[in-house]
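Next come the chains, spelled out residue by residue.
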Amino acid sequence: MAIQHAKDSTFRQMVQTEGITVVNFWAPWCGPCRMFAPVLEEFEKEANDSIKVVKVNVDENPVTSSQFQIMSIPTTIIFKDGQPLYKEIGILSKGDLQQLVGSKYINKKGEILLTYDCAIIGGGPAGLNAALVLGRARRSVALFDNSQPRNAVTHASHGFITRDGVTPAEFRRIAYEEVLGYPSVELLPWEVTEIHRTDHRFVVVTSTGKQIEARKLLITTGLREIFPDIPGLRDCYGTSLFSCPYCDGWELRDQPLIVVSENSGVFHMAKLLYTWSKDLVICTNGHAVLDNDQKQLLKSRNIEVVEQAVTMFIGYEGKLRQVEFADGTRIERTGGFITPEWKPKASFQGSLGYEVNEFGGIATNEWGKSSVPGVYAAGDAAYVMPSQLIYAAAGGSKAAIGINMELTEEDFV
Ligand SMILES: Cc1cc2nc3c(=O)[nH]c(=O)nc-3n(C[C@H](O)[C@H](O)[C@H](O)COP(=O)(O)OP(=O)(O)OC[C@H]3O[C@@H](n4cnc5c(N)ncnc54)[C@H](O)[C@@H]3O)c2cc1C
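Right, let's walk through the structure included here. Note that this is a predicted model, so its numbers are computed, not measured.

**Some words on the packing of aromatic side chains**
Here the distance between the centres and the angle between the planes together describe a pair of aromatic rings.
Okay, so step 1: Counting across every chain of the model gives 8 aromatic pairs.
Okay, so step 2: With centroids separated by 6.0 Å and ring planes inclined at 65 degrees, the aromatic side chains of F11 and F79 adopt a geometry described as edge-to-face. Taken as a pair, F11 in helix α1 (residues 11–14) and F79 in strand β4 (residues 75–80) lie far apart in primary sequence, 68 residues in all.
Okay, so step 3: Given the relative accessible area of 0%, F79 is considered buried.
Okay, so step 4: On the numbers, 6.3 Å between centres and 45 degrees between planes, the contact of F25 with F68 is tilted. Separated by 43 residues along the polypeptide, F25 in strand β2 (residues 20–26) and F68 in the loop between α3 (62–67) and β4 bring together distant segments of the chain. Residue F25 shares its accessibility class with F68, and that shared class is buried.
Okay, so step 5: What links up through ring pairs into an aromatic cluster is the set F11, F25, F68 and F79.
Okay, so step 6: Lying over the aromatic face of W26, K55 brings its terminal NZ or CZ to 4.7 Å of the ring centre.
Okay, so step 7: Over the ring of W250 we find R253; its NZ or CZ atom is 3.9 Å from the centre of that ring.

Structural data, given as structure tokens:
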């Protein structure tokens, strides 16, 4: 396929609806355009047939030039599947062009494996803030997300300055709108099922069979919560039962509350919650995790301890009314906190081999760097506590800066 010349009347047909089209805006009188021409020709000769190179003479084709706001020449626009992805002004090297289109990475079937600077697995606050920072740093980002955020059950998110009380859906809507405003960030709305490491690269495979290649990897897949199997719990979780007092304690202040936790952290939770409500019942769900001194101290504050198992949460439209115990007794409660077991939402440890920390999250340094070169993690995937939107977002931002530093060091030699 040779370089083709488009006119205003033919431009739209010439831009491929599938695959990559490199469009060069030029003029015969322009010196830099003449210097760039042989680079484009060489790039076109070496490129796989699935990449098309099109030239547009700006003097003869004012409609197309103004449609793409060409103020200076040469300008190159990379189109993917008919949509403009990148716009670069000035002379580019062959290497620049290859990096922009990923033409060096073509699989056996001739399909392009786009090599992104970074693949982000998980588009919650951690992944989104990382995508924002990397997009602003002009890095190409493949942002994978299968839309199952941890806080989906709750009606409002709290404690994130300027967004206190926002619904999780609205938080994500604003975040995606901001992030996808940066042209080098691409949302790939699929579940990632496999990640393999090749020589200094990562191949990311989705449940739909799509695969891409990336130079760096950021895992921000979050957590999965596992609860004791108690009828009624799921109905109330996110409306009147929660797991984090900092997130939802204010909304339950001064109410009759129950704390259900099977681990020794229940004592800490009881002390913590006392600021939000003095009307507390602590339940260990059939486990003996409190010692006598702790029970004594709780009793001195009029905090009742129940060591029986909970058999049912009784509520209406998610609002807790009563809690039933194994001996059949019921107490009136309007809300409470429950400690689930936390597991990573997705694990790629088998193929990547990163170390995990004491909470089962991916062990990282302060820049989100894991024990495996090129692999970063942030948000709930890296640390279970403290588990908050703003920590996740901050972790994503730090990891993005770590990744950008590494890419810069590799490229600027
Ligand atoms: C009921 C409840 C209420 C909460 N309330 C608050 C609150 O008020 N304030 C607050 O600050 N925090 C709150 N939190 C905590 C907060 O939700 C988390 O700390 C935060 O969401 C963590 O962000 P993250 O980006 O690490 O993970 P998540 O927000 O969980 O995002 C992870 C994303 O990765 C995607 N993903 C996972 N695996 C894959 C895969 N294999 N392929 C592609 N995509 C994948 C998921 O679909 C998801 O979109 C609450 C949590 C719960 C459970």
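**Notes on the state of the cysteines**
Okay, so step 1: With the rule as written, the count across this model stands at 1 disulfide.
Okay, so step 2: Across the disulfide, C30 is cross-linked to C33 (sulfur-sulfur distance 2.4 Å). Taking the torsion about the sulfur-sulfur bond, which here is approximately 85 degrees, the covalent link between C30 and C33 counts as right-handed.
Okay, so step 3: Residue C30 is classed as buried on the basis of its relative accessible area of 4%.

**A word on the side chain of K52**
Okay, so step 1: Here K52 lies in strand β3 (residues 51–57).
Okay, so step 2: Those residues in contact with K52 that sit more than four places away from it in its chain are M1, Q4, Q13, M14, Q16, I20, T21 and V22.

**Describing the pairing of strand β17 (residues 310–316)**
Okay, so step 1: Inspection of the sheet shows β17 paired to strand β18 (residues 319–325) by 6 bridges, in the antiparallel sense. By the bridge assignment, F313 is partnered in β18 with V323.
Okay, so step 2: Here β17 folds back onto β18 in antiparallel fashion, the turn holding 2 residues, of which E317 has a positive phi close to 50 degrees.

**Looking at the site of the ligand**
Okay, so step 1: Neighbouring the ligand are 37 residues; D145, N146, Q148, H158 and L389 lie closest to it.
Okay, so step 2: A distance of 2.8 Å is found between an oxygen atom of the ligand and a backbone nitrogen or oxygen belonging to L389.
Okay, so step 3: Contact with the protein chains removes 98% of the 1,000 Å² of surface that the ligand exposes when unbound.
Okay, so step 4: At the level of secondary structure, the elements contributing two or more residues to the shell around the ligand comprise α5 (125–136), α8 (245–248) and α12 (389–411).

**Quick look at the pairing of strand β6 (residues 115–121)**
Okay, so step 1: For β6, the buried fraction is high: 7 of the 7 residues fall into the buried class.
Okay, so step 2: By the bridge criterion, 6 bridges tie β6 to strand β11 (residues 211–219) in an arrangement that is parallel. If you follow Y116 over to β11, its bridge partner there is A214.
Okay, so step 3: Sheet topology note: the β6/strand β7 (residues 141–144) ladder contains 4 bridges and is parallel. When the bridges of β7 are listed, I120 appears paired with L143.
Okay, so step 4: Since β6 and β7 lie parallel, the crossover through α5 that links them has a hand, and here it is right-handed.

What counts, and where the lines are drawn
- Residues numbered from 1 in each chain as written.
- Predicted model: local features only at pLDDT ≥ 70, side-chain atom pairs only at ≥ 80, totals over all residues.
- Heavy atoms only, no water.
- Phe/Tyr/Trp six-rings, centres within 6.5 Å; stacked < 30°, edge-to-face > 60°.
- Helix = DSSP H or I, 4+ residues; strand = E, 2+ residues; numbered from the N terminus.
- Buried < 20%, exposed > 50% of the residue type's maximum accessible area, 1.4 Å probe, protein only.
- Lys NZ or Arg CZ within 6 Å of the ring centre and 35° of its normal.
- Disulfide = S-S within 2.5 Å.
- Contact = heavy atoms within 4.5 Å.
- Pairing = 2+ DSSP bridges.
- Near = heavy atom within 4 Å.
- Polar contact = N/O pair within 3.5 Å; in protein donor to acceptor, adjacent residues only side chain to side chain.
- Areas by Shrake-Rupley, 256 points an atom, 1.4 Å probe, with all protein chains shown as cover.
- Right-handed = clockwise from strand over helix to strand, strands pointing away.

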